[in-house]
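One letter stands for each residue in the lines below.
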Amino acid sequence: MTLDAGHCAVPGEDRVGLDEQLPTLALVGSPNSGKTTLFNALTGLRAKTGNYPGVTVTRYVGRFSVDDQEMVLEDLPGTYSLAAISPDEQVVADVLDLDHPALARPDALVVTLDATTLRRSLNMLAQVLATGLPACVVLTFTDELTRRQGSLDVAAFERAVGVPVLTVTGGRRQELGPLRDLLLGWSAWPVPALPPPTEPDEVPGWIESVLTTSDYVLPKVDERTRRIDAVLLHPVWGSVVFFAAMFVFFQVIFTLASPVQGWLEDLFGFLGTQVRVHVGNRYLASFLADGILGGVGGVVTFLPQIALLFVLISIMEASGYMSRAAFLMDRVMAKAGLEGRAFVALLSSLACAIPGIMATRTLPSMRDRIATMMGAPLMTCSARLPVYVLLVGLLVSPSARIGPVGAQGVIMFALYVVGALSAMASAWVFSRLGRRSGPLLPFYMEMPPYRMPSARSVGLAVWDACRGFLRKVGKIILGTTVVLWVLLNLPTHSDAAMSAAGVDVHDSSAVSSYTIDHSVAAGIGRAVEPIFEPLGFDWRINVGILASLSARETFVATMGQVAAAAHPDQPAQGLKHLTVQSGSREGEPLFTAPVLAALLVFFLYALQCASTIGVLRRESGSWKWPAIAFGYLFVVAWVMAFLTQLVVGMLT
Amino acid sequence: MSILSAVVAPRRRAIGPALVETGSDRAEGITLADLTPGQAVRVLEVSSQDDPAAARRLSDLGFVPGAEVRMVRRAPLADPVVFRVAGYEIALRRAQARWVSVVALVS
Amino acid sequence: MSAAPVVPVHAEATEVADTLRWVIPVGTLGFVGEPTALPAPLQSLYDDGVLTAPTLVEPSAVLLRMAAGRSWRADGPRVRRALQAALAEPREWRAPSDACTDDVLRAAAEEVLAGEVGDFVRGHGGVIEVVDVAADEVTIELSGACAGCPASGITVQHRFETALRRRYPGLRGVVAHERRDASPRGPALLSLLPTRHRDA
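Residues numbered from 1 in each chain as written. Chains lettered and ligands numbered in written order. Predicted model: local features only at pLDDT ≥ 70, side-chain atom pairs only at ≥ 80, totals over all residues. Heavy atoms only, no water.

Undergrad: I'd like a rundown of the overall build of chain B, residues and numbers included.
TA: A tally of regular secondary structure across chain B gives three helices and seven strands. Counting from the amino terminus, chain B carries its helices and strands in the arrangement α-β-β-β-α-β-β-β-α-β. The long-range share in chain B, meaning contacts at least 24 apart out of those at least 6 apart in sequence, stands at 64%. For chain B, the computed accessible surface area is about 4600 Å², with 51% contributed by carbon and sulfur atoms. (Helix = DSSP H or I, 4+ residues; strand = E, 2+ residues; numbered from the N terminus. Contact = heavy atoms within 4.5 Å. Areas by Shrake-Rupley, 256 points an atom, 1.4 Å probe, with all protein chains shown as cover.)

Undergrad: Account for the interface of chain A and chain C, naming residues and giving values.
TA: Reports often express the size of an interface as the amount of accessible area lost when the parts come together. The interface is formed by 20 residues belonging to chain A together with 18 residues belonging to chain C. Where chain A abuts chain C, roughly 1500 Å² becomes buried across the two surfaces, and 53% of that area is made up of carbon and sulfur atoms. The largest per-residue losses of area from chain A upon contact with chain C belong to A193, L194 and E202 of chain A, which jointly make up 38% of the total buried on that side. Counting every contact that joins chain A to chain C gives two salt bridges. Elements supplying a minimum of two residues to the side of chain A that touches chain C: α5 (154–161) and α7 (203–213) of chain A. With six residues, the top contributor of residues to the side of chain A that touches chain C is α7 of chain A. Taken together, the residues of the side of chain A that touches chain C break down into ten nonpolar, four polar and six charged. (Buried area = accessible area lost by both parts, 1.4 Å probe. Salt bridge = Lys/Arg side-chain N within 4 Å of Asp/Glu carboxyl O. Nonpolar A, V, L, I, M, F, W, Y, C, P; charged D, E, K, R; others polar.)

Undergrad: Lay out helix α17 (residues 407–435) of chain A with the relevant residues and their values.
TA: Residue and element names in this part refer to chain A. The first and last C-alpha atoms of α17 sit 42 Å apart over 29 residues, in line with the 42 Å expected at 1.5 Å per residue. Taken residue by residue, α17 has A407, I411, M412, L415, G419, S422, A423, S426, A427, F430, S431 and G434 as its buried positions. Contact partners of the buried residues in α17: α15 (366–375), α16 (384–395), β8 (401–402), β9 (405–406), α26 (593–605) and α28 (624–651). (Expected span 1.5 Å × (residues − 1). Buried < 20%, exposed > 50% of the residue type's maximum accessible area, 1.4 Å probe, protein only.)

Undergrad: Tell me about the nonpolar core, and please be specific about residues and values.
TA: Residue and element names in this part refer to chain A. Membership of the largest hydrophobic core comes to 110 residues, with the highest contact counts inside it found for I306, I354, F469, F537, I541, F591 and L599. No other element matches the ten residues that α26 contributes to this core. Those residues in contact with F591 that sit more than four places away from it in its chain are L394, I541, M559, L575, L578, L596 and L599. (Core = buried A, V, L, I, M, F, W, Y, C linked by side-chain atoms within 4.5 Å.)

Undergrad: Explain the sheet that holds strand β7 (residues 173–179) of chain C to me, and be specific about the residues and the numbers.
TA: Residues and elements named next belong to chain C. Taken in spatial order, the three strands line up as β5-β6-β7 in an open sheet, and their pairing is mixed. Whereas interior strands pair on both sides, the edge strands pair on one side only; in this sheet they are β5 (126–134) and β7. Adjacent strand axes in the sheet meet at a mean angle of 25 degrees, parallel and antiparallel pairs treated alike. Note that strand β6 (residues 137–144) and β7 share seven bridges and pair parallel. In the sheet register, T139 faces β7, and the bridge partner there is V175. (Pairing = 2+ DSSP bridges. Axes fitted to C-alpha atoms, helices over the stretch in contact; angles between N-to-C directions.)

Undergrad: Before we move on, can you summarise α15 of chain A with the specific residues and values?
TA: All names here are of chain A. For α15, the tally of buried residues reaches ten of ten residues, placing the bulk of the element in the interior. Those residues of α15 lying buried are M366, R367, D368, R369, I370, A371, T372, M373, M374 and G375. Capping of α15 at its N-terminal end is provided by S365; its side-chain oxygen lies 3.3 Å from the backbone amide nitrogen of R367. (Polar contact = N/O pair within 3.5 Å; in protein donor to acceptor, adjacent residues only side chain to side chain.)

Undergrad: I'd like a description of the interface of chain A and chain B, backed by residues and values.
TA: Contacts between the two partners involve 52 residues from chain A and, on the opposite side, 43 residues from chain B. Residues E89 of chain A and R57 of chain B are paired through a salt bridge, measuring 2.8 Å at the closest nitrogen-oxygen approach. At the boundary of chain A with chain B, the tally comes to twelve residue pairs in polar contact (both at pLDDT 80 or more). Mapped by element, the contributors of at least two residues to the side of chain A that touches chain B are α2 (87–95), α3 (118–129), α8 (223–232), α12 (321–335) and β10 (444–446) of chain A. Top contributing element to the side of chain A that touches chain B by residue count: α12 of chain A, with six residues. Of the residues assigned to the side of chain A that touches chain B, the class counts are 29 nonpolar, nine polar and 14 charged. Two strands pair when backbone bridges link them, and β10 of chain A and strand β6 (residues 88–92) of chain B are joined in this way by three bridges, in the antiparallel orientation. Residue pairing for β6 of chain B: M445 of chain A is matched across the bridge by A91 of chain B.

Undergrad: Can you tell me about the packing of helix α3 (residues 101–114) of chain C against helix α4 (residues 116–123) of chain C, naming the residues and giving the values?
TA: Residues and elements named next belong to chain C. Axis separation between α3 and α4 bottoms out at 4 Å; the angle between their running directions is 45 degrees. Judged by the inter-axis angle, α3 sits oblique to α4. Contacts between α3 and α4 pair V112, L113 and A114 from the former with E116, V117, G118, D119 and R122 from the latter. Of the residues that constitute the contact of α3 with α4, the class distribution is four nonpolar, one polar and three charged. (Parallel < 35°, antiparallel > 145°, perpendicular 65-115°, else oblique.)

Undergrad: Describe the environment of I411 of chain A, naming the residues involved and giving the relevant values.
TA: Residues and elements named next belong to chain A. Structurally, I411 can be placed in helix α17. It is 23 Å that separates the C-alpha atoms of I411 and T255, two residues lying 156 residues apart in sequence. Look past the residues within four positions of I411 in its chain and what remains in contact with it is V392, L395 and V396.

Undergrad: Can you explain the packing of aromatic side chains? Please cite residues and give values.
TA: Any aromatic ring pair is given by two values, namely how distant the centres are and how the planes are angled relative to each other. Residue and element names in this part refer to chain A. The tally for this structure, following the rule as stated, stands at 16 aromatic pairs over all chains. Ring centres of Y80 and Y444 lie 5.8 Å apart, and the angle between their planes is 70 degrees; this geometry places the pair in the edge-to-face category. A residue pair is termed long-range when its members are at least 10 positions apart, and Y80 in the loop between β4 (69–75) and α2 and Y444 in strand β10 qualify at 364 residues. An identical accessibility class is assigned to Y80 and Y444; each is buried. Taken together, a centroid distance of 5.4 Å and an interplanar angle of 65 degrees make the contact between F242 and F243 edge-to-face. A connected cluster of aromatic rings, assembled from ring pairs, spans F532, F537, F555, F602, F603 and F634. (Phe/Tyr/Trp six-rings, centres within 6.5 Å; stacked < 30°, edge-to-face > 60°.)

Undergrad: Talk me through the pairing of strand β6 (residues 135–140) of chain A; I want residue IDs and the actual numbers.
TA: Residue and element names in this part refer to chain A. Counting buried positions over the six residues of β6 gives six, a clear majority of the element. Burial of the side chains of β6 extends over both faces: A135, V137 and L139 are buried on one face and C136, V138 and T140 on the other. Across six bridges, the pairing between strand β5 (residues 108–114) and β6 is parallel. Following the sheet pairing, V111 is matched in β6 by V137. Looking at chain direction, β6 and strand β7 (residues 165–167) are connected through three bridges and run parallel. If you follow V138 over to β7, its bridge partner there is L166.

Undergrad: Tell me about empty space enclosed by the protein, and please be specific about residues and values.
TA: Going through the model one piece at a time under the given rule, you end up with six cavities of 30 Å³ or more. Each pocket or cavity is described by its volume, and for the largest cavity that value is around 130 Å³. Along its surface, the largest cavity is lined by 16 residues, and R148, M447 and P449 of chain A together with R84 and E89 of chain B are the ones closest to its centre. Per-class residue counts for the lining of the largest cavity are five nonpolar, four polar and seven charged. (1 Å grid on protein atoms, 1.4 Å probe; cavity = no way out; pocket = protein on both sides within 12 Å on 5 of 7 lines; lining within 4 Å. Points joined across faces, edges and corners; volume = space filled by probe spheres on them.)

As structure tokens, then:
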């Protein structure tokens, strides 16, 4: 059995923590039934994540112990039925399948049923009991049932379903004692002599009989939820609150994370300086400082945003507000072939596409996830801003005006709008392309009552996301940074050679400019000149584009190096003086209006971000989609830049 | 055989009055898509010509013949719509709601 | 468009592995005991050797017994469908010749005694018995430790009546008597002095 292409460290055990020797239980239940809260309460930090073989569905397996007996617990994806219509649900059906070649069946099942939605939840129980595996029922939200004036005779219910039934409220640790004892004795669980029917026309009769025997009183509509929804889903007030909430959401990710990111950048900058001071060899120092530390720092600086994003998303999901937000935005998202929940992912991408792409996990449909992931990089992320600021500053002066407003501001706003529209269009195209792989997933979304999120679950979700990001994406970002460092800094030149070439070895900007001009990257830049010539880019801009493959904002610093600017962080002055070195425009300024506009548009579309590629690889499960994204975005960027250059050339 | 054949097979059969695989001709019937907020109805049948899997999902969600459904609210742009069924609330797009034929409840 | 709605049933285990207790809606069959004739769907299962005698009808359940060599796992779904078809024709079930509706009420009352209400009384050291069943009315008698406690008398009667009404909706009323040991049968005066009894 292979899982996630990892090798088994211990015979019989795999990376996710499954072990043939230990009893393995699996949690089954519908979404919003408190299943994952229960999983977290039992396993906590002793949970590992991996992947199910062959699909990009995350696998959560944890350990817990009762009376010195260690047990394995797997949190299966939430599903409404074993008649699966999505890859996540298919996983559940496969795990419970007697004959599945790659997945071992669990020893017993723990079925979580929301006591407030029993009439629907029992449908799932009927299907699960039909598998023949020993099972027990955990009734969740029984406190809510009572609060909403519902009731259930649990003893009669237990007799009626024929398996052990336990009630829990909120998964508090104290309550877990009886549950853990029950789980320990899994091999002694009674199995119903006759499983319930599974035919869709017979199940409602079984459900009705069980509920009547158990004196089930349906809980009344949750008053608190009704009152809150009267505002939050009001056509006018609801939309106002929604946009305010999204604004806050976005600001938190953007602004709250910034200071922390700043500290992390300062920390790595400090470390870099220390390295440069203390390491004798200039090239080794540069490699360690710019290559390694730069790469690691680049990875770590994403963590504050990712952590914040997942805190907010977990709270939104667990409290129930996520479905309200998705409900309000669904019509708009449907125009792009997506659904309401994609809005949150796209919105997050305005701060940075990395957390935005990770946020697509909230979408149940794989096709929606891919389509959103393909569109997310087009949202104007914060890394584009330094590039935009530099180029727009070269394009128009700060005092230029269009009507009453500043021209610079107008152009920036236009870039944001074009980015958003392109993102929607791209998602629409990929959604349509994906349609050929299967019928459209019917849209349905449960609107659960508002519930207090558990701090523990939120914390674990954040921890999980950050850990996964560091492990998987970190490698890719670090690798790319190192590779680019090599390209930009090699071959090395001795002081003697540089002096002979007329470079003042004590002028660091002259040295770095010389290094970059003769680097491997410059060679590549010259080699690809034919591709970029129609856009008006010369080899120096090409080097900048190559360097910005690691992260867009490095374009600014790289151009500064190329221009041998006195202040590499504000290269504008130096760039203005660059002239074309050969060809039909020889001697003319390099950065003319058409070239600047084309460059802006190029950065709007091109996937100049190794981190995004890394996250796409992780979230989509293979290199196929990042490769497609990079490829199609490059082509679109080239074409749009070309058109822009033509049009602006005609207008000026 | 495996659970899949036991559970999934019914999706592909003609199951009788509860689920109809082919759409029936209901010229005068109302569907969930035609309701106004607060209206309560009883489900007659769930049918979808194009997508039997989707119809099966609706029945797994509680939209079975005889079930009581109440329309709760619409989104600001008329789609999707929230219904109350089997003791919980669920949002459906009108395209899917159209597959559920209902009859008004006499309260 | 649709056939008659399916009769809701579910099966519960009994102490005997070959017999299942099929819970049916209250009042479906107006008798208790072993029916003398069954509707065709069920009868054919006997004829095919799937089910074997006895078939017993209770106020809210039907006990069915699987024949030797057969299993509920294999033949259960067929039995369920046959039972549901049979319950859709209640008039095809022939009651035992000496049956009357009081039998159903008495059986329902005995069920309640054997269930939670009886357990509650017995758990407090009390005794509860059905004394009389006539014309949709039941008379019960409380004795033992619970007798003489005004609170428990009312509680028990109310719980008994509620549980019984669920099994027999046509119940007109429950009369409760108390009998303290060593006093003649008949309505006992409630003691005005506190009596020693276990906490309710």
